[in-house]
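# Secondary and tertiary structure notes
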Amino acid sequence: MNFIWIDWVTVITFLVLTTGVALATRRLISDYDSFLLAGRTLKLYLAMATMGATELGLVTLMYFSQQGYKSGFAAFSIGVIALIGFMFVGRTGFIIKGLRDLEVRTIAEFFGRRYNRSTQVIAAIITFAAGLMNMGLFLVLGAKFLLYMVGFPPDMLPYLMVGLLLLVLGYTVVGGMVSVVLTDYAQFVILFTSVVFTTYFAITHVGYDTVIDTVQREYGAGGFDPFISDDLGWLFIIWLIFGIPFAGMWPPALSRALSTVDSDTSKKLYSFVGLSFLGRALMPMMWGICALTYFAGVDAIPLPMQDGAPDTAAAMPAYLSQILPAGVRGLMVAAALAAMMSTFDSYLLCWSSILVNDIVLPLRPEMTDREKIRLTRLAVVACGIFVLSWGYLYKPPETFFRFMAITGTMYSASVLLTTAAGLYWKKANTVGTLTSLVVAGTLPLTTIFLGDSDILPLEYRWMVEDKVVGIATFISSLVCMVVASLLTQKSHPPKVLAPREGVTT
Amino acid sequence: MSGWQTLWTCALGVSVVLFFVVEVVVVVGGAGDIKDMLASLREHASEDAKNPS
């Protein structure tokens with residue numbers, strides 16, 4: 001066991017405080033808007049805190065550190081591209097301004113207004129499926145982090161997963177978005193502080209020059225140049241560039257933009273909080289690179305193994321557990337729990353709201369606020385149980401980040417691309433949108449389910465590589481949208497939204 | 001140090017500074033926002049209690 005009493009006191013104090021907030025805010029939930037969007041009362045700084053805490057999850061720390069371990073400094077290109085994306089969205093208000101002006105609760109609700117109810121339901125199903133699969137690895141990665149940081153025996157992993165799930169379900173179901181926002185603020189403070197401190201300890205323990213030498217020795221020039229990296233390469237960078245206009249629009253983050261007081265605040269939110277997204281990627285990647293350096297050294301403990309191979313996802317927590325001083329280690333675990341809870345609760349609430357608002361509500365519009373809140377709470381529990389099962393059963397190909405990226409593409413290339421078309425292209429119609437949604441919503445499944453299997457002959461495996469499928473998904477979605485819309489303008493004339501309903505006239 | 005190494009070293013330094021700046025700004029500004037949000041939600045909840053529909 002790596003923990004001593006001061007570490008346990010730090011973690012337990014944090015848990016008591018955050019769960020207390022959820023109970024204290026329960027009486028403020030008077031209707032569905034206050035449960036789901038905190039009554040649309042989020043001002044800029046609080047929106048930044050909640051978005052920053054939501055988007056910096058324990059799973060983020062884990063998959064970025066694993067990517068740093070596997071790609072070296074070349075992985076930093078991912079963070080730079082994310083920063084460019086956020087700056088673009090913040091400057092232009094691309095998509096977020098149009099949706100906020102429409103006052104929609106979820107992105108699929110826009111499809112109901114711009115197209116029709118069945119398009120709304122299909123968009124919601126794709127978003128829901130991509131989101132749940134993406135979230136499927138949260139528990140297993142979170143539990144793995146705790147396992148190695150605290151020093152629990154490996155067979156404790158399933159129990160940790162269940163414990164973490166129960167913790168998050170408890171206060172999400174009770175408090176809704178108000179408790180999520182308030183705890184996000186506290187979690188933001190502890191999380192951001194710990195990330196900076198940990199980066200300092202991680203680098204100084206092995207020494208920056210040693211880190212550079214190790215990456216050079218292990219990966220050569222590809223450890224620094226992303227274009228010649230064995231793990232990344234040109235295609236991977238092009239794939240990420242396709243996603244730039246949709247940066248930070250994963251529904252839980254987008255729900256923060258839709259919860260702000262107006263669309264200008266949404267734009268400022270993306271510009272300001274986007275500045276932290278470089279560090280959100282680079283600092284945990286640096287922990288992974290430092291872990292690579294540590295485990296390459298002679299004085300290191302053995303790198304944890306999984307199925308006979310080095311467990312690269314476990315390298316970072318195993319490294320930090322050895323080098324962080326007592327007390328700081330407890331603070332880091334409290335921060336990691338904060339990171340996991342702030343992300344997990346928001347994601348659970350988000351997917352559940354999509355299920356209720358965009359799949360159930362169009363079929364049962366007579367539901368009362370009380371029934372909607374009850375159903376959302378039930379959906380939160382059901383989603384949690386799915387994530388627990390998925391974490392047990394699914395083994396992602398390559399690195400965890402790449403799995404996140406392909407599920408992200410499933411959503412971006414379908415739902416976000418067609419949303420952009422609906423907002424900014426008057427000729428976008430239902431047929432074009434449905435074609436694009438179906439093609440882009442299903443293509444990435446080939447990588448997710450066939451990427452690591454032996455079904456395809458060796459010479460055709462490249463066709464289901466994530467970067468190939470990712471690029472193909474974006475291009476085919478755009479082509480389907482344009483061609484199908486133009487071919488069916490007469491049979492399916494585009495719906496015209498009145499000015500008060502949206503930006504299309 | 002090669003060009004890429006220098007670039008990534010600078011990027012890491014910039015990222016730490018930006019991260020810290022965002023944290024300070026959010027912590028200070030967020031406290032006031034929390035006060036406003038709670039006041040607004042309390043008002044909304046008491047209005048709903050007076051006029052249940």
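Basis of the calculations
Residues numbered from 1 in each chain as written. Chains lettered and ligands numbered in written order. Predicted model: local features only at pLDDT ≥ 70, side-chain atom pairs only at ≥ 80, totals over all residues. Helix = DSSP H or I, 4+ residues; strand = E, 2+ residues; numbered from the N terminus. Buried ≥ 20, exposed ≤ 12 C-beta atoms within 10 Å, placed from the backbone. Axes fitted to C-alpha atoms, helices over the stretch in contact; angles between N-to-C directions. Left-handed = near helix turned anticlockwise from the far one by under 90°. Contact = placed C-beta atoms within 7 Å. Nonpolar A, V, L, I, M, F, W, Y, C, P; charged D, E, K, R; others polar. Core = buried A, V, L, I, M, F, W, Y, C linked by C-beta atoms within 7 Å. pLDDT = per-residue confidence, 0-100. Parallel < 35°, antiparallel > 145°, perpendicular 65-115°, else oblique.

### So, the overall build of chain B
Broken down by element type, chain B carries one helix and zero strands. With 53 residues in all, chain B has 23% of them scored as buried.

### Re the packing of helix α12 (residues 234-242) of chain A against helix α20 (residues 466-487) of chain A
Residues and elements named next belong to chain A. Remark: α12 packs on α20, axes separated minimally by 9 Å, with the N-to-C direction vectors making an angle of 35°. For α12 against α20, the interelement crossing comes out left-handed. Each of L235, F236, I238, W239 and F242 in α12 lies in contact with α20, whose residues at this interface are K467, V468, G470, I471 and F474. Here the contact of α12 with α20 is built from residues that sort into eight nonpolar, one polar and one charged.

### Thoughts on the nonpolar core
Judged by nonpolar contacts, the single largest core of 173 residues is most densely connected at A:M48, A:L141, A:L191, A:C290 and A:A336. Top contributing element to this core by residue count: helix α16 (residues 328-360) of chain A, with 20 residues. Those residues in contact with A:M48, other than ones at most four positions away along the chain, are A:L269, A:F272, A:V273 and B:V26.

### Things to note about the confidence of the model for chain A
Averaged over chain A, the pLDDT score is 83; the fraction of residues at 70 or greater is 91%. For residues 499-505 of chain A, every residue scores under 50 in pLDDT, and the model assigns this stretch 15 contacts once sequence neighbours within four places are set aside.

### Here we look at the packing of helix α9 (residues 138-151) of chain A against helix α17 (residues 369-393) of chain A
All names here are of chain A. In contact at an axis separation of 7 Å, α9 and α17 are set at 70° when each is read in the N-to-C sense. Comparing their axes, α17 and α9 come out roughly perpendicular. Taking contact as the criterion, the partners of F138, L139 and V140 in α9 are, on α17, V387, L388 and G391. Grouping the constituent residues of the contact of α9 with α17 by class yields five nonpolar, one polar and no charged.

### What to know about the environment of A:T419
All names here are of chain A. Secondary-structure assignment places T419 in helix α18 (residues 400-424). In sequence terms T419 and H492 are 73 residues apart; their C-alpha atoms lie 18 Å from each other. Those residues in contact with T419 that lie beyond four places of it in its chain are I95, I107 and F110.

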